[in-house]
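Residue-level listing of the chains:
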Amino acid sequence: MSQEQAQPSTELSRIDFSDSKFAHRRKMRMLKDKAATGGIAVGGVAVIIAIVLIFFYLLAEVAPLFEGASMERKADYSIPQQEAGKTLFLTMEEQAEIGLRITDQGQAVFFSTSDGSVVENVALDVPEGVEVTGFTASQSASGLLALALSDGTALLFRHKYKITYPNDQRHIAPFIEYPYGSEAIVVDAMGQPLTQLTLRDDERALLVAGVNKAGAIRAVRFNKEEDFLTEEVVLEEQVLDFPPLPKATTGVALSIDQRWLYALDDANGLTVFTLADEPELHSQLELSSGAKVTDMTFLLGGISLLVGDAAGELSQWFLVRDEQQGWRLEFIRDFDSLSGSVSHIEPEHRRKGFVAVDDQGQLAIYNTTARRTVYTETIADQGVRGIGISPRANALLVEDEQGQMHYWRIENEHPEISWSSLWQKVWYESYPEPDYIWQSSASTNDFEPKMSLMPLTFGTLKAAFYAMLLAAPLAICGAIYTAHFMAPSMRRKIKPLVELMEALPTVILGFLAGLWLAPFVETHLPGIFSLLILTPIGILLMSYIWAQLPPRIRHTVPEGWVAALLIPVVLLVGWFSVSMSGPMEQVFFDGDMRSWLGDSLGVSFDQRNAMVVGLAMGFAVIPTIFSIAEDAIFSVPKHLSNGSLALGATPWQTLTRVVLLTASPGIFSALMIGFGRAVGETMIVLMATGNTPIMDWNIFEGMRTLAANIAVEMPESEVGSTHFRVLFLAALVLFMFTFAVNTAAEIVRQRLRKRYGSL
């Protein structure tokens, strides 16, 4: 051994590891190791704590949705101005500070709800010698009321309130106005007393209908015409003649659009009239085959009819359009029964809920959409004479049989939410059948919120499915080839390039998908399908041709670089497919594939659809799956594959029976992480779909996902509202779904690792 060769070992033997310099280095290394270990541990624990805090924050926002309602009695006092007569109607103004009692002596008594003190007592313009025989109220928001009089007329008036703030104190001044004049409107030209009355008022017409003492229906319509010169509204009177009915009518109700009139007789028979130019008999049916119907009124919006009977049964009915039979009145749902006979049904002013009271003093609050009994309470020892609910449904006035008035406060924030309204089919007003619908808001107060999470959950899974359908095969196959067959020098270029795709912002992908890809797919639909079919055929054909070439030609390409030859093949197939799209559409689809899909197959086509989402979101998910799967396959120990090859296995057998099995935990993790990325994606599905919350697997239809819905509607929702909290519930569902998928994926991964880890 030469002196130069021996010198390193001599220098190594002279190193003194006990030297203070090396001891300091060892100490610093240990400190760095401990700091790194502690930092990683703290970071991991912090991530877990953050996730737990997010979960509990979402839970705190969602929990109020499922809290029950409550009622608290705030005041008891004698009926205000009891000498003014018997109460026909009870209500309150917006703040629930001033109550209104309409009496059978034609008095409007305004009083304080807190102590019953009279604020104002207004004598209505009832003609001398005429008695009040009935009462009705129009839509709650309008405040329009009417008294039925003994001479066959009706007096229309409105209760209103002027709010001022003297000395920064709110003062509410009630008053009565007569929008159609202080003279009563003639409903029964024969002058018979009206026992029942109903009215509807809108921009087109005023319609007043009643039942006279003989049980006949009388009605008059005032069509509103605006004078061109003076811009004053002129009323044109039109008397409506109803055909006689075999039984006396005991109750009438008008739909809000003035198209339908419902007449109830004393045998529970309901007759439906259409109100066009002249009333026409539409249909007749029986509301109850058992107990007598004791009350009938419209739910908010004037579409649904609420019916209560002497057995305490409550039901909801509304008109349903049938393509063969036209409109028909359909039983929709019933509710939990009361103990006694239903005496009063009072609908809420701004929600699809109502309050019902029986003759034994039991009160129940219901919500129709959720088919839910929100609250029950015994409010009187006997029956009650009348109830009135505030516009915000947070206060209730009750007049009992002992001549006492009771003022209750109600806490009932989210009655629309139940398991059935979120996850089951609901029969919404004006829909032909029960369905899953998401439509959280509208421009009118009588709107029925439709907050089914099923269309959003379905859309989330649909978008993820089509994205994974494109991304999973390409990413996994690309990872297999890159890690197992590709030349190292080529791998060093391809892998970073694919991973660089992940850095592209999804908002850019969504922008391109919505503004460029969606129109391109629509105009080149045959070419897109041809591309999906011809690309694998072209690759297989190129592989076959390459295999048939002489070895001296094939060996000119270095091993592991053969895949580069497929690039021009893919580009050529793509160019050919797109360029032939127009001629193929002319030959096979009469020049319009969209119309052919609809006419021949009955498949609807939306420009921003699941195919566009699959292409765009699949492009975004590919780098995630590819990177993790490629690392898992490349990390398989070489001695396993070399041993397999040494024992005579082919490279393909080695791949399928050794490499993929060993790397299966990592590949499965890649798929699950990619699936989670697709489920939580927001911007691509927000910009590349029509955001229509429908349940249809059709690849040419759009969808709305949970994440996109939160992004779209959260800025518009009122903080603390039902809509606001349901959006948080959607976020919680997405969170729990991702957690469940990841947990299941981890369990499967651990089992795969345990099974194939010994290879």
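No experiment lies behind these values; they were computed from the predicted model shown. (Residues numbered from 1 in each chain as written. Predicted model: local features only at pLDDT ≥ 70, side-chain atom pairs only at ≥ 80, totals over all residues. Heavy atoms only, no water.)

(A) Highlighting the overall build of the protein. In terms of helices and strands, the protein carries 17 helices and 31 strands. Taking 2.2 N^0.38 as the reference for a compact globule, 759 residues should give roughly 27 Å; the C-alpha atoms of the protein span a radius of gyration of 38 Å, well beyond that estimate. Overall, the C-alpha framework of the protein stretches about 140 × 80 × 55 Å when taken along its three principal axes. Split into buried and exposed, the 759 residues of the protein put 46% on the buried side. Residue pairs at least 24 apart in sequence account for 57% of intrachain contacts in the protein once pairs closer than 6 positions are excluded. Carbon and sulfur atoms make up 58% of the accessible area of the protein, which amounts to about 38100 Å² in all. Computing the positive centroid from 57 side-chain charges and the negative centroid from 85, the protein places the two 19 Å apart. (Helix = DSSP H or I, 4+ residues; strand = E, 2+ residues; numbered from the N terminus. Rg over C-alpha atoms; globule rule 2.2 N^0.38 Å. Buried < 20%, exposed > 50% of the residue type's maximum accessible area, 1.4 Å probe, protein only. Contact = heavy atoms within 4.5 Å. Areas by Shrake-Rupley, 256 points an atom, 1.4 Å probe, with all protein chains shown as cover. Lys, Arg positive; Asp, Glu negative; His and termini not counted. Charge placed at Lys NZ, Arg CZ, Asp CG, Glu CD.)

(B) View of helix α16 (residues 706–713). By the criterion of burial, α16 is predominantly enclosed, with six of the eight residues buried. Taken together, the buried positions of α16 are occupied by L706, A707, A708, N709, I710 and E713. Buried residues along α16 sit in contact with β30 (438–439), α4 (454–485), α14 (651–680), α15 (683–688) and α17 (722–756).

(C) Highlighting the pairing of strand β23 (residues 342–347). Taken across its six residues, β23 has five buried, putting it largely inside the fold. Hairpin connection, β23 to strand β24 (residues 353–358): the antiparallel pair is bridged by five residues. (Pairing = 2+ DSSP bridges.)

(D) Focus on the nonpolar core. Within the largest apolar cluster, 78 residues are counted, with the highest numbers of intra-cluster contacts made by L453, L525, M617, I625, I633 and L729. The element contributing the most residues to this core is helix α12 (residues 610–634), with 14 residues. (Core = buried A, V, L, I, M, F, W, Y, C linked by side-chain atoms within 4.5 Å.)

(E) Fine view of a negative patch on the surface. Judged by side-chain charge, D241, D277, E278 and E280 come together as a negatively charged surface patch. Note on placement: E278 falls in the loop between β17 (269–275) and β18 (279–286). (Patch = residues over 30% accessible without salt bridge, like charges linked within 9 Å, V, L, I, M, F, W, Y side chains within 5 Å. Salt bridge = Lys/Arg side-chain N within 4 Å of Asp/Glu carboxyl O.)

(F) Geometry of empty space enclosed by the protein. A complete count under the given rule lists one cavity of 30 Å³ or more for this structure. Each pocket or cavity is described by its volume, and for the largest cavity that value is around 40 Å³. The residue makeup of the lining of the largest cavity, split by class, is four nonpolar, two polar and one charged. (1 Å grid on protein atoms, 1.4 Å probe; cavity = no way out; pocket = protein on both sides within 12 Å on 5 of 7 lines; lining within 4 Å. Points joined across faces, edges and corners; volume = space filled by probe spheres on them. Nonpolar A, V, L, I, M, F, W, Y, C, P; charged D, E, K, R; others polar.)

(G) Geometry of the pattern of salt bridges. A complete count under the given rule lists 26 salt bridges for this structure. For R350, the salt bridge goes to E94, with nearest N and O atoms at 2.4 Å. Here R350 is found in the loop between β23 and β24, whereas its partner E94 is found in the loop between β2 (87–92) and β3 (98–103), with 256 residues between them in sequence. Given the relative accessible area of 24%, E94 is considered partly exposed. A salt bridge links R170 to E97; its shortest N-O distance comes to 2.3 Å. You can see R170 sitting in the loop between β8 (153–164) and β9 (171–177) and its partner E97 sitting in the loop between β2 and β3, a full 73 residues away along the chain. Taking relative accessible area as the criterion, R170 reaches 38% and is therefore assigned partly exposed. Relative accessible area serves as the criterion here: at 31%, E97 is assigned to the partly exposed category. One connected set of salt bridges, linked through shared partners, spans R491, K495, E499, E630 and D631.

(H) The sheet that holds strand β25 (residues 362–367), seen in detail. As summarised here, the arrangement of the four strands in space is β23-β24-β25-β26, forming an open sheet in which the pairing is antiparallel. Looking at strand neighbours, the two that pair on one side only are β23 and β26 (372–378), the edges of this open sheet. Across this sheet, the average inter-strand angle for adjacent strands is 20°, counted without regard to direction. Alignment of β25 against β26, held across six bridges, turns out to be antiparallel. (Axes fitted to C-alpha atoms, helices over the stretch in contact; angles between N-to-C directions.)

(I) Structural detail: the sheet that holds strand β19 (residues 293–298). Pairing in this open sheet of four strands is antiparallel, and the strands run β19-β20-β21-β22 from one edge to the other. Looking along the sheet, the strands with just one partner apiece sit at the ends: β19 and β22 (326–335). Neighbour to neighbour, the strand axes of the sheet diverge by 25° on average, direction disregarded. Direction of pairing for β19 relative to strand β20 (residues 305–309): antiparallel, over a ladder of five bridges. The partner of F298 across the bridge, within β20, is L305.

(J) Region of interest: a nonpolar patch on the surface. A surface patch of nonpolar side chains, amounting to about 600 Å² of accessible area, comprises L504, V507, I508, F511, L512, L515 and F619. For the nonpolar patch, the element with the most residues is helix α6 (residues 506–523), which contributes five residues. Mapping L504 onto the fold places it in the loop between α5 (488–500) and α6. Judged by relative accessible area, which is 36%, L504 ranks as partly exposed.

(K) Looking closely at the pairing of β9. Only one face of β9 is buried, namely the one carrying I172, P174 and I176, since none of H171, A173, F175 and E177 on the opposite face is buried. Hairpin remark: β8 followed by β9, antiparallel, with six residues in the connecting loop; positive phi at N167, about 55°.

(L) Examining the packing of aromatic side chains more closely. Taken as a whole and assessed by the stated rule, the structure comprises 27 aromatic pairs. Ring centres of F465 and Y466 lie 5.2 Å apart, and the angle between their planes is 70°; on these two criteria the pair is classed as edge-to-face. Judged by relative accessible area, which is 39%, F465 ranks as partly exposed. According to the relative accessible area criterion, Y466 is buried, its value standing at 13%. Look at F724 and F728: their rings are 4.9 Å apart centre to centre, the planes differ by 55°, and that puts the pair in the tilted class. A residue pair is termed a helical-turn pair when its members lie 3 or 4 positions apart in one helix, as F724 and F728 do in helix α17 at four residues. The exposure class assigned to F728 is buried, which follows from its relative accessible area of 11%. Here a set of aromatic residues connected by ring pairs shows up, and it is made of F458, F465, Y466 and W697. (Phe/Tyr/Trp six-rings, centres within 6.5 Å; stacked < 30°, edge-to-face > 60°.)

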